[in-house]
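# Coordinate analysis (summary)
These are the residues of each chain, in order.
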Amino acid sequence: MAERTQVAIIGAGPSGLLLSQLLDLAGIDTVVLERRSRDYVLGRVRAGVLEEGMVRLLREAGVAERLDREGLVHDGIEIGWNDRLQRIDLKALTGASVVVYGQTEVTRDLMAAREARGGRVIHEAQDVALRDIDSTRPRVTWVEDGHPRALDCDWIAGCDGFHGISRASIPEGTLREYERVYPFGWLGLLSDTPPVSSELIYMHHDRGFALCSQRSTTRSRYYLQCSLAEHLYEWPDERFWAELARRLPPQIAARLETGPSIEKSIAPLRSYVAEPMRWHRLLLCGDAAHIVPPTGAKGLNLAASDVFYAHRALAAACLGGDMAGIESYSADCLRRVWKAERFSWWMTSLLHSFPDDGPFAAKIQAAELDYLLGSPALQESLAENYVGLPY
Ligand code: APR
Ligand code: PHB
């Protein structure tokens, strides 16, 4: 006989784990199915800038104790253009701040919370398949330790990322997809060196974009715009540090502390949205429905706002049969998703080099950078998007 739960959740990344925690607190039973092992999930290095809305949601979920202790509150960011540098005072412009705390740590805290409450999270679930999504009795099947398993449920939450099975289970022709692929990647390096600056620095340099980020006061995360044709072996640490220094204003480069990398990777940049975000009994959350380029640090935060709408909608449906939140789920999410897509696209377009776009585009981009660095009005717009639009 098949097991039964109210909400089957596919994927144990931040979306899936946070959703299962919030639903559990609302008295709703969930089972989470994850293809990978715990160690694999915790080994992924991802961004780590949390909006206030996400921090609030993590507190509501009872998983913010370490975040409140160890998270670094940032009241501003720096935007650089060759040798010019302008601080954007997020706090003064919006009243809000962001918190720097790695996505890996968010995931670790969520895993611990699910375990503490006895939540069912099944790792290394192979061949997960979604069945009868368009009925009122959907079912999920998978293979566990070589044995076929099945789970009957009322709802399925597809939290399985961009390459997951959930979105792919919706019949062809149902979804409308919107996509932009950028002609470059980000080469990232993690090192146990103190960050070059207490705040994040986003640099537009004629040689390409650079970002100085951090995980703690002793661990730095840096990125360089690179060509997608490049390979990691072409970027020994020394070359990375030298190139980063060239892209920073001299007074910043002078205090850059270098050291051996503990992780290095190249990631492509993409904007992508699939609409609608619900099909019958399947709700898509996070990267399963949309991708943003990392320039605005919106990926994880968008996953959190989807989960906010999803947990509210599913709780109302499961507890009282109220379907209003389910009906409006896709539209509620997409209103915010598209604004974050716009912002991430704008930050990406402003701060990277696009040599193939020609001299007119380069002049317009320079004018916009000059405008941003001198205009409190545009700085305020950047700030309110960076700290996160309300939900
Ligand atoms: N079956 C079960 N699990 C799967 C499957 C599958 N077929 N395919 C993928 N998964 C798992 C992945 O192994 C991963 O652990 O789903 C999880 C999805 O997690 P994420 O990719 O982290 O996506 P999400 O939880 O939506 O978090 C969004 O992650 O990618 C970043 O920038 C993004 O920061 C944002 C955040
Ligand atoms: C990161 O620290 O990895 C990071 C920070 C800000 C971004 C993207 C990535 O915009």
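Remember, predicted model here, so these are calculated numbers, not experimental data. Each chain carries its own residue numbering, running from 1 in the written order of its sequence. Here every chain gets a letter starting at A, and every ligand a number starting at 1, in the order they are written. At least 70 in pLDDT is required for a residue's local features to be given in this predicted model, at least 80 for side-chain atom pairs to be given and counted, and no such filter applies to totals for whole chains, interfaces and linings, which use all residues. Heavy atoms throughout the structure, all of them, feed into the side-chain values; hydrogens and water do not.

Right, let's get into the side chain of His-290. Helical segments are the DSSP runs of H or I of at least four residues, strand segments are the runs of E of at least two, and each set is numbered from the N terminus. Relative to the helices and strands, His-290 is located in strand β21 (residues 290–291). Take His-290: its relative accessible area is 2%, and that puts it in the buried class. Excluding residues within four positions of it along the chain, His-290 makes contact with Tyr-272, Val-273, Met-277, Leu-302, Asp-306, Val-337 and Glu-341. Three exposure classes are used, based on accessible area relative to the maximum for each residue type with a 1.4 Å probe and protein chains only: buried under 20%, partly exposed in between, and exposed over 50%. For this analysis, residues touch if any pair of their heavy atoms sits within 4.5 Å.

On to the site of ligand 2. For ligand 2, the set of nearby residues contains 13 residues, the closest of which are Tyr-202, Ser-213, Arg-215, Tyr-223 and Pro-294. For the purposes of these results, a polar contact is taken to be a pair of N or O atoms within 3.5 Å, where, inside protein, one atom must be able to donate a hydrogen and its partner to accept one; residues adjacent in sequence count only when each atom of the pair is a side-chain atom. Within the side chain of Arg-215, one N or O atom sits 2.7 Å away from an oxygen atom of ligand 2. Pro-294 is positioned such that a nitrogen or oxygen atom in its backbone is 2.8 Å from an oxygen atom of ligand 2. We get accessible surface area from the Shrake-Rupley algorithm with a probe of 1.4 Å; when it comes to residues, only the shown protein chains can shield them. Burial of ligand 2 by the protein chains amounts to 99% of its free accessible area of 280 Å². Only β16 (210–214) and β17 (220–226) provide two or more residues apiece to the shell around ligand 2. Residues are grouped as follows: Ala, Val, Leu, Ile, Met, Phe, Trp, Tyr, Cys and Pro are nonpolar; Asp, Glu, Lys and Arg are charged; every other residue, Gly included, is polar. In terms of residue class, the shell around ligand 2 is made up of 9 nonpolar, 2 polar and 2 charged. Annotation comment: domain bounds sourced from an automatic or database domain assignment. Two domains each put at least three residues into the shell around ligand 2: domain 1 (3–74 + 97–178 + 270–347) and domain 2 (182–269 + 353–387). Any residue with at least one heavy atom within 4 Å of a molecule or strand is counted as near it.

Near ligand 1, the surroundings consist of 24 residues, among which Ser-15, Glu-34, Arg-44, Gln-103 and Asp-287 are the closest. At a separation of 3.4 Å, an oxygen atom of ligand 1 approaches a polar backbone atom of Pro-14. In the model, a nitrogen atom of ligand 1 is placed 3.1 Å from a nitrogen or oxygen of the Arg-35 main chain. Computed on the free molecule, ligand 1 has an accessible area of 710 Å², of which 89% lies beneath the protein chains in the complex. Looking at the shell around ligand 1, the elements that each hand over two or more residues are α1 (14–25) and α9 (299–320).

What the domain assignment reports for the protein is domain 1 (3–74 + 97–178 + 270–347) and domain 2 (182–269 + 353–387). Its C-alpha centre places domain 1 at a distance of 29 Å from the equivalent point of domain 2. Every contact between the two is made by 27 residues of domain 1 and, on the other side, 23 residues of domain 2. By buried area we mean how much accessible surface two parts lose on assembly, using a 1.4 Å probe and totalling the loss over both. For the domain 1 and domain 2 pair, buried surface summed over both sides reaches about 1,900 Å², with 66% attributable to carbon and sulfur atoms.

Strand order in the open sheet formed by 3 strands is β4-β8-β5, and the pairing between neighbours is antiparallel. What marks the edges here is a single partner per strand, and that holds for β4 (49–50) and β5 (72–74). Two strands make a pair as long as DSSP finds a minimum of two bridges between them. Note: β4 against strand β8 (residues 98–100), 2 bridges, orientation antiparallel. Bridging across to β8, Val-49 finds its partner in Val-100.

Let us look at the packing of helix α10 (residues 324–351) against helix α11 (residues 358–374). Only the contacting stretch of a helix is used when fitting its axis, a line to C-alpha atoms as for every element, and angles between N-to-C directions run 0 to 180 degrees. Orientation of α10 relative to α11, taken along the N-to-C sense of each, is 110°, at an axis distance of 9 Å. By the angle between their axes, α10 is roughly perpendicular relative to α11. Of α11, the residues touching α10 (which contributes Trp-346, Ser-349, Leu-350 and Leu-351) are Gln-365, Glu-368, Leu-369 and Leu-372. Considering only residue class, the contact of α10 with α11 consists of 5 nonpolar, 2 polar and 1 charged. Relative orientations are named as follows: roughly parallel for angles under 35 degrees, roughly antiparallel for angles over 145 degrees, roughly perpendicular for angles from 65 to 115 degrees, and oblique for any other angle.

Once that is clear, we can look at the nonpolar core. Soluble globular proteins tend to pack their nonpolar side chains together in the buried interior. Residues grouped as a nonpolar core are buried Ala, Val, Leu, Ile, Met, Phe, Trp, Tyr and Cys residues, joined through side-chain atoms within 4.5 Å. Core analysis: the largest hydrophobic core is formed by 78 residues, its most contacted members being Val-7, Leu-19, Leu-50, Leu-58 and Val-140. The leading source of residues in this core is α9, at 12 residues. Each residue touching Val-140, except ones within four places of it in the same chain, is listed here: Ala-8, Ile-10, Leu-33, Val-128, Ala-129, Leu-130, Arg-149, Ala-150, Leu-151 and Ile-156. Counting residues in hydrophobic clusters, the runner-up holds 32 residues, among them Phe-184, Phe-209, Leu-372 and Leu-382.

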